[in-house]
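Given next are the chains, with one letter for each unit.
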Amino acid sequence: MLTDMTLASDHMSHAPAAQPSEGEVRDFVALLKPRVMSLVIFTALVGIVRAPDALHPVLAAVSLLCIAIGAGASGALNMWWDADIDAVMTRTRGRPIPAGRIAPGEALAFGLVLSAGAVMVLGLAVNLLAAGLLAFTIFFYSVVYTMWLKRWTAQNIVIGGAAGAFPPMIGWAAVTGHISLESILLFMIIFFWTPPHFWALALLKSDDYARAGVPMLPVVAGADETRRQILIYSVLLAPLGVAPWALGFTGIGYGIASLGLGAMFLILAVRVWRQRQGEPAKTAARQLFAFSILYLFALFAVLLVEAVLPGAA
Amino acid sequence: MQEPDKNPLVLTPEQKRRQRRRNIAIAVVLFALVGIFYAVTVVKMGPNVLNRPF
(Lines give C-alpha, C1' and ligand atoms only; values in the text may rest on other atoms or scores of the structure.)
Protein backbone atom coordinates (compact mmCIF):
# COMPACT_ATOMS: atom_id res chain seq x y z
CA MET A 1 0.00 0.00 0.00
CA LEU A 2 2.89 2.34 0.73
CA THR A 3 4.19 1.65 -2.80
CA ASP A 4 0.77 2.42 -4.29
CA MET A 5 0.60 5.72 -2.41
CA THR A 6 4.12 6.62 -3.52
CA LEU A 7 3.31 5.81 -7.13
CA ALA A 8 0.09 7.83 -6.94
CA SER A 9 1.96 10.75 -5.40
CA ASP A 10 4.62 10.58 -8.13
CA HIS A 11 1.91 10.54 -10.79
CA MET A 12 0.21 13.58 -9.27
CA SER A 13 3.43 15.56 -9.00
CA HIS A 14 4.33 14.78 -12.64
CA ALA A 15 0.82 15.33 -14.03
CA PRO A 16 0.60 18.44 -16.20
CA ALA A 17 -0.89 21.42 -14.38
CA ALA A 18 -4.31 22.54 -15.52
CA GLN A 19 -4.07 25.41 -17.99
CA PRO A 20 -6.66 28.15 -18.19
CA SER A 21 -8.33 28.81 -21.52
CA GLU A 22 -6.70 31.70 -23.38
CA GLY A 23 -9.38 32.10 -26.01
CA GLU A 24 -11.32 35.29 -26.52
CA VAL A 25 -14.95 35.12 -27.59
CA ARG A 26 -13.89 36.23 -31.08
CA ASP A 27 -11.49 33.27 -31.29
CA PHE A 28 -14.35 30.84 -30.70
CA VAL A 29 -16.37 32.71 -33.32
CA ALA A 30 -13.40 32.41 -35.70
CA LEU A 31 -13.47 28.62 -35.23
CA LEU A 32 -16.89 28.65 -36.88
CA LYS A 33 -15.46 30.11 -40.14
CA PRO A 34 -17.98 32.97 -40.34
CA ARG A 35 -17.40 33.69 -44.03
CA VAL A 36 -18.25 30.11 -44.98
CA MET A 37 -21.21 30.26 -42.59
CA SER A 38 -22.61 33.31 -44.37
CA LEU A 39 -22.68 31.45 -47.69
CA VAL A 40 -24.31 28.46 -46.00
CA ILE A 41 -26.95 30.67 -44.39
CA PHE A 42 -27.72 32.35 -47.69
CA THR A 43 -28.06 29.15 -49.73
CA ALA A 44 -30.09 27.46 -47.00
CA LEU A 45 -32.40 30.49 -46.88
CA VAL A 46 -32.98 30.15 -50.62
CA GLY A 47 -33.86 26.48 -50.09
CA ILE A 48 -36.35 27.43 -47.35
CA VAL A 49 -37.93 30.25 -49.33
CA ARG A 50 -38.20 28.38 -52.60
CA ALA A 51 -39.80 25.29 -51.06
CA PRO A 52 -43.46 25.06 -52.11
CA ASP A 53 -44.94 24.65 -48.63
CA ALA A 54 -45.05 27.25 -45.89
CA LEU A 55 -43.14 27.09 -42.63
CA HIS A 56 -43.87 29.24 -39.60
CA PRO A 57 -41.34 32.11 -39.54
CA VAL A 58 -40.09 31.13 -36.07
CA LEU A 59 -39.44 27.55 -37.17
CA ALA A 60 -37.83 28.81 -40.40
CA ALA A 61 -35.54 31.09 -38.43
CA VAL A 62 -34.63 28.32 -35.99
CA SER A 63 -33.95 25.96 -38.90
CA LEU A 64 -31.67 28.53 -40.48
CA LEU A 65 -29.87 29.00 -37.17
CA CYS A 66 -29.39 25.25 -36.73
CA ILE A 67 -28.04 24.86 -40.26
CA ALA A 68 -25.66 27.78 -39.69
CA ILE A 69 -24.45 26.44 -36.35
CA GLY A 70 -24.07 22.97 -37.82
CA ALA A 71 -21.91 24.41 -40.60
CA GLY A 72 -19.90 26.37 -38.06
CA ALA A 73 -19.41 23.27 -35.95
CA SER A 74 -18.02 21.47 -39.01
CA GLY A 75 -15.59 24.35 -39.40
CA ALA A 76 -14.47 24.03 -35.78
CA LEU A 77 -13.91 20.28 -36.17
CA ASN A 78 -11.98 20.95 -39.39
CA MET A 79 -9.75 23.46 -37.62
CA TRP A 80 -9.19 20.95 -34.79
CA TRP A 81 -8.04 18.22 -37.18
CA ASP A 82 -6.08 20.46 -39.57
CA ALA A 83 -4.23 22.49 -36.92
CA ASP A 84 -0.93 20.96 -38.01
CA ILE A 85 -1.21 21.95 -41.67
CA ASP A 86 -2.88 25.27 -40.80
CA ALA A 87 0.31 26.15 -38.90
CA VAL A 88 2.37 25.66 -42.06
CA MET A 89 0.22 27.57 -44.56
CA THR A 90 0.46 31.37 -44.68
CA ARG A 91 -3.26 31.63 -45.40
CA THR A 92 -4.21 29.81 -42.20
CA ARG A 93 -1.41 30.16 -39.67
CA GLY A 94 -3.25 32.98 -37.92
CA ARG A 95 -6.17 30.72 -37.01
CA PRO A 96 -6.91 30.31 -33.30
CA ILE A 97 -5.36 26.85 -32.77
CA PRO A 98 -2.06 27.24 -34.67
CA ALA A 99 -1.73 30.72 -33.16
CA GLY A 100 -2.02 29.16 -29.68
CA ARG A 101 -5.10 31.07 -28.58
CA ILE A 102 -7.34 28.01 -28.32
CA ALA A 103 -6.30 24.53 -27.28
CA PRO A 104 -7.14 21.69 -29.69
CA GLY A 105 -9.27 19.96 -27.09
CA GLU A 106 -11.36 23.10 -26.63
CA ALA A 107 -12.05 23.30 -30.36
CA LEU A 108 -12.99 19.63 -30.50
CA ALA A 109 -15.41 19.92 -27.59
CA PHE A 110 -16.83 23.14 -29.03
CA GLY A 111 -17.42 21.53 -32.42
CA LEU A 112 -18.93 18.33 -31.04
CA VAL A 113 -21.32 20.10 -28.67
CA LEU A 114 -22.51 22.52 -31.35
CA SER A 115 -22.94 19.67 -33.86
CA ALA A 116 -25.04 17.60 -31.48
CA GLY A 117 -27.06 20.59 -30.37
CA ALA A 118 -27.78 21.86 -33.88
CA VAL A 119 -28.92 18.46 -35.13
CA MET A 120 -31.09 17.81 -32.06
CA VAL A 121 -32.79 21.21 -32.14
CA LEU A 122 -33.41 20.97 -35.89
CA GLY A 123 -34.98 17.55 -35.45
CA LEU A 124 -37.23 18.78 -32.65
CA ALA A 125 -38.17 22.02 -34.38
CA VAL A 126 -38.98 20.71 -37.87
CA ASN A 127 -38.40 17.10 -38.91
CA LEU A 128 -35.99 14.19 -38.82
CA LEU A 129 -35.11 14.33 -42.51
CA ALA A 130 -33.66 17.83 -42.19
CA ALA A 131 -31.85 16.85 -39.00
CA GLY A 132 -30.52 13.70 -40.63
CA LEU A 133 -29.27 15.64 -43.65
CA LEU A 134 -27.56 18.15 -41.35
CA ALA A 135 -25.95 15.35 -39.35
CA PHE A 136 -24.75 13.72 -42.55
CA THR A 137 -23.38 17.02 -43.84
CA ILE A 138 -21.40 17.57 -40.63
CA PHE A 139 -20.10 14.00 -40.76
CA PHE A 140 -19.25 14.27 -44.46
CA TYR A 141 -17.27 17.48 -44.05
CA SER A 142 -15.53 16.60 -40.77
CA VAL A 143 -14.76 12.94 -41.36
CA VAL A 144 -14.97 12.12 -45.06
CA TYR A 145 -13.44 15.36 -46.38
CA THR A 146 -11.26 16.66 -43.53
CA MET A 147 -9.92 13.45 -42.01
CA TRP A 148 -9.81 11.26 -45.12
CA LEU A 149 -9.98 12.88 -48.56
CA LYS A 150 -8.17 16.18 -48.01
CA ARG A 151 -4.76 14.62 -47.35
CA TRP A 152 -5.23 11.61 -49.57
CA THR A 153 -6.48 12.55 -53.04
CA ALA A 154 -6.41 15.41 -55.52
CA GLN A 155 -10.16 14.87 -55.97
CA ASN A 156 -10.67 15.94 -52.34
CA ILE A 157 -12.43 19.15 -53.25
CA VAL A 158 -14.67 17.47 -55.83
CA ILE A 159 -16.11 14.88 -53.46
CA GLY A 160 -15.80 16.95 -50.31
CA GLY A 161 -17.57 19.84 -52.01
CA ALA A 162 -20.81 17.96 -51.54
CA ALA A 163 -20.80 19.12 -47.94
CA GLY A 164 -21.14 22.73 -49.05
CA ALA A 165 -23.92 21.82 -51.46
CA PHE A 166 -26.29 20.36 -48.90
CA PRO A 167 -27.58 23.51 -47.13
CA PRO A 168 -30.28 24.45 -49.71
CA MET A 169 -31.44 20.85 -49.69
CA ILE A 170 -31.59 20.86 -45.88
CA GLY A 171 -33.57 24.11 -45.97
CA TRP A 172 -35.99 22.61 -48.48
CA ALA A 173 -36.35 19.44 -46.39
CA ALA A 174 -37.00 21.51 -43.27
CA VAL A 175 -40.05 23.05 -44.95
CA THR A 176 -41.45 20.15 -46.93
CA GLY A 177 -40.20 17.04 -45.15
CA HIS A 178 -38.78 15.66 -48.38
CA ILE A 179 -36.31 16.47 -51.17
CA SER A 180 -37.27 17.28 -54.74
CA LEU A 181 -35.77 17.72 -58.21
CA GLU A 182 -35.43 21.48 -57.68
CA SER A 183 -33.57 21.05 -54.38
CA ILE A 184 -31.35 18.45 -56.04
CA LEU A 185 -30.62 20.97 -58.83
CA LEU A 186 -29.58 23.57 -56.24
CA PHE A 187 -27.29 20.93 -54.74
CA MET A 188 -25.80 20.12 -58.15
CA ILE A 189 -25.13 23.78 -58.97
CA ILE A 190 -23.05 24.24 -55.83
CA PHE A 191 -21.43 20.81 -56.27
CA PHE A 192 -20.16 21.61 -59.76
CA TRP A 193 -19.26 25.18 -58.77
CA THR A 194 -16.96 24.04 -55.97
CA PRO A 195 -14.04 22.56 -58.01
CA PRO A 196 -13.42 25.56 -60.33
CA HIS A 197 -13.85 27.92 -57.36
CA PHE A 198 -11.31 26.16 -55.14
CA TRP A 199 -8.90 25.18 -57.92
CA ALA A 200 -8.70 28.82 -59.04
CA LEU A 201 -7.60 29.63 -55.49
CA ALA A 202 -5.29 26.62 -55.42
CA LEU A 203 -3.53 27.88 -58.57
CA LEU A 204 -2.61 30.99 -56.60
CA LYS A 205 -1.68 29.15 -53.39
CA SER A 206 -0.10 25.96 -54.68
CA ASP A 207 3.19 26.64 -52.86
CA ASP A 208 1.30 26.84 -49.59
CA TYR A 209 -0.49 23.56 -50.21
CA ALA A 210 2.74 21.87 -51.32
CA ARG A 211 4.49 22.99 -48.13
CA ALA A 212 1.65 21.57 -46.05
CA GLY A 213 1.59 18.30 -47.98
CA VAL A 214 -2.02 18.70 -49.11
CA PRO A 215 -2.52 16.96 -52.49
CA MET A 216 -4.40 19.76 -54.19
CA LEU A 217 -4.63 19.31 -57.95
CA PRO A 218 -1.97 21.90 -58.93
CA VAL A 219 0.49 20.23 -56.54
CA VAL A 220 -0.21 16.67 -57.72
CA ALA A 221 -1.05 17.06 -61.39
CA GLY A 222 0.39 20.46 -62.25
CA ALA A 223 -1.10 23.82 -63.15
CA ASP A 224 -1.94 22.95 -66.78
CA GLU A 225 -4.03 19.91 -65.80
CA THR A 226 -5.76 22.02 -63.15
CA ARG A 227 -6.64 24.64 -65.77
CA ARG A 228 -8.04 21.92 -68.03
CA GLN A 229 -10.23 20.53 -65.26
CA ILE A 230 -11.39 24.02 -64.27
CA LEU A 231 -12.59 24.44 -67.86
CA ILE A 232 -14.34 21.06 -67.88
CA TYR A 233 -16.24 21.78 -64.68
CA SER A 234 -17.12 25.28 -65.89
CA VAL A 235 -18.57 23.79 -69.10
CA LEU A 236 -20.67 21.46 -66.95
CA LEU A 237 -21.66 24.20 -64.52
CA ALA A 238 -22.95 26.77 -67.01
CA PRO A 239 -25.90 24.70 -68.35
CA LEU A 240 -26.59 23.37 -64.86
CA GLY A 241 -27.01 26.93 -63.69
CA VAL A 242 -29.62 27.47 -66.41
CA ALA A 243 -31.42 24.17 -65.73
CA PRO A 244 -33.87 25.52 -63.10
CA TRP A 245 -35.24 27.91 -65.75
CA ALA A 246 -35.09 25.33 -68.55
CA LEU A 247 -37.12 22.91 -66.43
CA GLY A 248 -39.73 25.51 -65.57
CA PHE A 249 -38.90 26.03 -61.89
CA THR A 250 -38.05 29.69 -62.27
CA GLY A 251 -39.04 32.72 -64.31
CA ILE A 252 -37.41 34.48 -67.24
CA GLY A 253 -35.46 36.78 -64.91
CA TYR A 254 -33.50 33.86 -63.55
CA GLY A 255 -33.10 32.48 -67.08
CA ILE A 256 -31.49 35.68 -68.31
CA ALA A 257 -29.31 36.05 -65.21
CA SER A 258 -28.10 32.46 -65.31
CA LEU A 259 -27.29 32.66 -69.02
CA GLY A 260 -25.30 35.87 -68.57
CA LEU A 261 -23.49 34.72 -65.44
CA GLY A 262 -22.75 31.32 -66.95
CA ALA A 263 -21.34 32.90 -70.10
CA MET A 264 -19.06 35.14 -68.03
CA PHE A 265 -17.93 32.17 -65.95
CA LEU A 266 -17.01 30.31 -69.15
CA ILE A 267 -15.14 33.30 -70.56
CA LEU A 268 -13.04 33.58 -67.40
CA ALA A 269 -12.46 29.82 -67.29
CA VAL A 270 -11.24 29.89 -70.90
CA ARG A 271 -8.94 32.77 -69.98
CA VAL A 272 -7.49 30.71 -67.11
CA TRP A 273 -6.97 27.81 -69.53
CA ARG A 274 -5.19 29.99 -72.09
CA GLN A 275 -3.04 32.19 -69.81
CA ARG A 276 -0.40 29.87 -68.42
CA GLN A 277 2.62 32.00 -67.63
CA GLY A 278 3.55 34.81 -65.27
CA GLU A 279 1.34 37.59 -64.04
CA PRO A 280 -1.43 37.18 -66.68
CA ALA A 281 -1.95 33.61 -65.45
CA LYS A 282 -2.24 34.76 -61.83
CA THR A 283 -4.59 37.57 -62.81
CA ALA A 284 -6.81 35.17 -64.72
CA ALA A 285 -7.00 32.78 -61.74
CA ARG A 286 -7.67 35.63 -59.36
CA GLN A 287 -10.46 36.99 -61.57
CA LEU A 288 -12.11 33.61 -61.90
CA PHE A 289 -11.93 33.05 -58.14
CA ALA A 290 -13.47 36.45 -57.42
CA PHE A 291 -16.17 36.05 -60.06
CA SER A 292 -17.06 32.56 -58.87
CA ILE A 293 -18.13 34.04 -55.54
CA LEU A 294 -20.23 36.66 -57.31
CA TYR A 295 -21.66 33.98 -59.63
CA LEU A 296 -23.04 31.83 -56.86
CA PHE A 297 -24.24 34.76 -54.81
CA ALA A 298 -26.01 36.40 -57.78
CA LEU A 299 -27.63 33.16 -58.95
CA PHE A 300 -29.05 32.42 -55.53
CA ALA A 301 -30.01 36.06 -54.99
CA VAL A 302 -32.16 35.98 -58.12
CA LEU A 303 -33.75 32.73 -56.94
CA LEU A 304 -34.52 34.41 -53.62
CA VAL A 305 -35.98 37.54 -55.20
CA GLU A 306 -38.19 35.51 -57.53
CA ALA A 307 -39.56 33.52 -54.61
CA VAL A 308 -40.19 36.54 -52.43
CA LEU A 309 -41.53 39.14 -54.89
CA PRO A 310 -45.03 38.39 -56.17
CA GLY A 311 -45.15 38.09 -59.92
CA ALA A 312 -41.37 38.00 -60.28
CA ALA A 313 -41.36 34.34 -61.27
CA MET B 1 -4.54 10.49 1.77
CA GLN B 2 -4.59 13.24 -0.86
CA GLU B 3 -1.82 15.80 -0.72
CA PRO B 4 -2.75 19.47 -0.79
CA ASP B 5 -2.45 21.05 -4.22
CA LYS B 6 1.12 22.34 -4.53
CA ASN B 7 0.48 24.47 -7.60
CA PRO B 8 -2.85 26.28 -7.22
CA LEU B 9 -3.99 27.87 -10.43
CA VAL B 10 -3.77 31.66 -10.28
CA LEU B 11 -5.14 33.64 -13.20
CA THR B 12 -3.54 36.83 -14.43
CA PRO B 13 -5.80 39.91 -14.73
CA GLU B 14 -5.94 39.44 -18.52
CA GLN B 15 -6.92 35.78 -18.16
CA LYS B 16 -9.63 36.79 -15.71
CA ARG B 17 -10.93 39.37 -18.19
CA ARG B 18 -11.09 36.78 -20.96
CA GLN B 19 -12.80 34.29 -18.69
CA ARG B 20 -15.40 36.89 -17.73
CA ARG B 21 -16.08 37.75 -21.37
CA ARG B 22 -16.46 34.05 -22.23
CA ASN B 23 -18.82 33.57 -19.30
CA ILE B 24 -20.95 36.51 -20.42
CA ALA B 25 -21.09 35.09 -23.96
CA ILE B 26 -22.17 31.70 -22.62
CA ALA B 27 -24.86 33.34 -20.48
CA VAL B 28 -26.18 35.27 -23.49
CA VAL B 29 -26.32 32.09 -25.57
CA LEU B 30 -28.12 30.22 -22.79
CA PHE B 31 -30.75 32.95 -22.46
CA ALA B 32 -31.17 32.94 -26.23
CA LEU B 33 -31.66 29.17 -26.16
CA VAL B 34 -34.33 29.51 -23.48
CA GLY B 35 -36.12 32.01 -25.69
CA ILE B 36 -35.79 29.79 -28.75
CA PHE B 37 -37.12 26.71 -26.98
CA TYR B 38 -40.03 28.68 -25.58
CA ALA B 39 -40.92 30.16 -28.97
CA VAL B 40 -40.64 26.79 -30.75
CA THR B 41 -42.81 25.14 -28.08
CA VAL B 42 -45.52 27.78 -28.40
CA VAL B 43 -45.49 27.57 -32.19
CA LYS B 44 -45.59 23.78 -32.34
CA MET B 45 -48.10 23.26 -29.56
CA GLY B 46 -50.19 26.37 -30.00
CA PRO B 47 -50.90 29.19 -27.51
CA ASN B 48 -53.62 27.21 -25.66
CA VAL B 49 -51.17 24.57 -24.55
CA LEU B 50 -52.40 24.78 -20.94
CA ASN B 51 -56.05 24.29 -21.96
CA ARG B 52 -55.55 20.80 -23.32
CA PRO B 53 -57.32 17.85 -21.68
CA PHE B 54 -55.04 15.58 -19.62
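Residues numbered from 1 in each chain as written. Chains lettered and ligands numbered in written order. Predicted model: local features only at pLDDT ≥ 70, side-chain atom pairs only at ≥ 80, totals over all residues. Heavy atoms only, no water.

Under an unreviewed UniProt entry, the name given to chain B is CoxF protein, and the organism recorded is Agaricicola taiwanensis.

Chain A is annotated in an unreviewed UniProt entry as Protoheme IX farnesyltransferase of Agaricicola taiwanensis. In its Function (unreviewed entry) section, the UniProt record describing chain A reads: "Converts heme B (protoheme IX) to heme O by substitution of the vinyl group on carbon 2 of heme B porphyrin ring with a hydroxyethyl farnesyl side group." What UniProt states about chain A under its Subunit (unreviewed entry) heading is, verbatim, "Interacts with CtaA." (UniProt positions renumbered as here; feature names shortened; annotations may be inferred.)

Enquirer: When you look at the overall build of chain B in this model, what are you seeing that I'm missing?
Expert: Each helix and strand counted, chain B has 1 helix and 0 strands in total. Taken over 54 residues, chain B has a buried fraction of 13%. In the structure as shown, chain B presents an accessible area of about 5000 Å², 66% of it carried by carbon and sulfur atoms. (Helix = DSSP H or I, 4+ residues; strand = E, 2+ residues; numbered from the N terminus. Buried < 20%, exposed > 50% of the residue type's maximum accessible area, 1.4 Å probe, protein only. Areas by Shrake-Rupley, 256 points an atom, 1.4 Å probe, with all protein chains shown as cover.)

Enquirer: What should I look at first to understand the packing of helix α7 (residues 128-149) of chain A against helix α10 (residues 167-176) of chain A in this one?
Expert: In helix packing, the relevant descriptors are the interaxial angle and the interaxial distance, both defined with respect to the helix axes. Residue and element names in this part refer to chain A. Relative orientation of the contacting elements α7 and α10 amounts to 160°, with a least axis distance of 8 Å. With respect to their mutual orientation, α7 and α10 come out roughly antiparallel. The two elements α7 and α10 cross, and the hand of that crossing is left-handed. Here α7 contributes Leu129, Ala130, Leu133, Leu134 and Thr137 to the contact with α10, which in turn contributes Met169, Ile170, Ala173 and Ala174. Taken together, the residues of the contact of α7 with α10 break down into 8 nonpolar, 1 polar and no charged. (Axes fitted to C-alpha atoms, helices over the stretch in contact; angles between N-to-C directions. Parallel < 35°, antiparallel > 145°, perpendicular 65-115°, else oblique. Left-handed = near helix turned anticlockwise from the far one by under 90°. Contact = heavy atoms within 4.5 Å. Nonpolar A, V, L, I, M, F, W, Y, C, P; charged D, E, K, R; others polar.)

Enquirer: What am I meant to see in unusual backbone geometry here?
Expert: Backbone geometry follows two general trends: most residues other than glycine have a negative phi, and most peptide bonds adopt the trans configuration. Residue and element names in this part refer to chain A. Of note in the backbone geometry, Lys33 takes a positive phi value of approximately 55° without being a glycine. Summarising the element assignment, Lys33 is placed in the loop between α2 (25-31) and α3 (34-50). The exposure class of Lys33 is buried, given its relative accessible area of 15%.

Enquirer: Got a minute to help me understand the interface of chain A and chain B in this structure?
Expert: It is common to report an interface's size as the accessible area lost on association of the parts. Contacts between the two partners involve 20 residues from chain A and, on the opposite side, 17 residues from chain B. Summed over both partners, the interface of chain A with chain B buries about 1500 Å², with 65% contributed by carbon and sulfur atoms. At the junction of chain A and chain B, the tally comes to 3 salt bridges. Where chain A packs against chain B, one counts 6 residue pairs in polar contact (both at pLDDT 80 or more). Mapped by element, the contributors of at least two residues to the side of chain A that touches chain B are α1 (2-14), α2, α4 (57-81) and α6 (104-125) of chain A. The residue makeup of the side of chain A that touches chain B, split by class, is 14 nonpolar, 4 polar and 2 charged. (Buried area = accessible area lost by both parts, 1.4 Å probe. Salt bridge = Lys/Arg side-chain N within 4 Å of Asp/Glu carboxyl O. Polar contact = N/O pair within 3.5 Å; in protein donor to acceptor, adjacent residues only side chain to side chain.)

Enquirer: Teacher, can you tell me more about the UniProt feature "transmembrane region" (unreviewed entry) in chain B here?
Expert: UniProt feature "transmembrane region" (unreviewed entry): in the numbering of this structure it lies at residues 24-43 of chain B. Helix makes up 100% of residues 24-43 of chain B and strand makes up 0%, while its end C-alpha atoms are separated by 29 Å.

Enquirer: What exactly am I supposed to notice about the packing of aromatic side chains here?
Expert: Where two aromatic rings form a pair, the distance of their centres and the angle of their planes describe that pair. Residue and element names in this part refer to chain A. What the rule picks out here adds up to 14 aromatic pairs over all chains. A centroid spacing of 5.6 Å and a plane angle of 75° characterise the contact between Trp199 and Tyr233, whose relative ring orientation is edge-to-face. Of this pair, Trp199 sits in helix α11 (residues 181-204) while Tyr233 sits in helix α14 (residues 223-246), and the two are 34 residues apart along the sequence. Joined through ring pairs, the aromatic side chains of Phe136, Phe140, Phe166, Phe187, Phe191, Phe192, Trp199 and Tyr233 make up one cluster. (Phe/Tyr/Trp six-rings, centres within 6.5 Å; stacked < 30°, edge-to-face > 60°.)

Enquirer: Help me understand the pattern of salt bridges, please; the structure alone is not making it clear to me.
Expert: Opposite charge on two side chains makes pairing possible when the charged atoms of those side chains draw close. Counting across every chain of the model gives 17 salt bridges over all chains. Among the salt bridges present, the one from Arg151 of chain A reaches Asp84 of chain A, with a minimum N-O distance of 2.9 Å. A residue pair is termed long-range when its members are at least 10 positions apart, and Arg151 of chain A in the loop between α7 and α8 (156-160) and Asp84 of chain A in helix α5 (residues 83-88) qualify at 67 residues. Residue Arg151 of chain A is classed as partly exposed on the basis of its relative accessible area of 32%. Judged by its relative accessible area of 45%, Asp84 of chain A falls in the partly exposed class. One salt bridge connects Arg17 of chain B with Glu14 of chain B, and the closest N-O pair in it is separated by 2.8 Å.

Enquirer: Teacher, can you tell me more about α4 of chain A here?
Expert: In an α-helix there are 3.6 residues to a turn, and that puts residues three or four apart on one side. Over its 25 residues, α4 of chain A extends 36 Å from the first C-alpha to the last, a length consistent with the 36 Å expected when each residue adds 1.5 Å. Burial of α4 of chain A is extensive: 18 of the 25 residues sit out of reach of the surface. (Expected span 1.5 Å × (residues − 1).)

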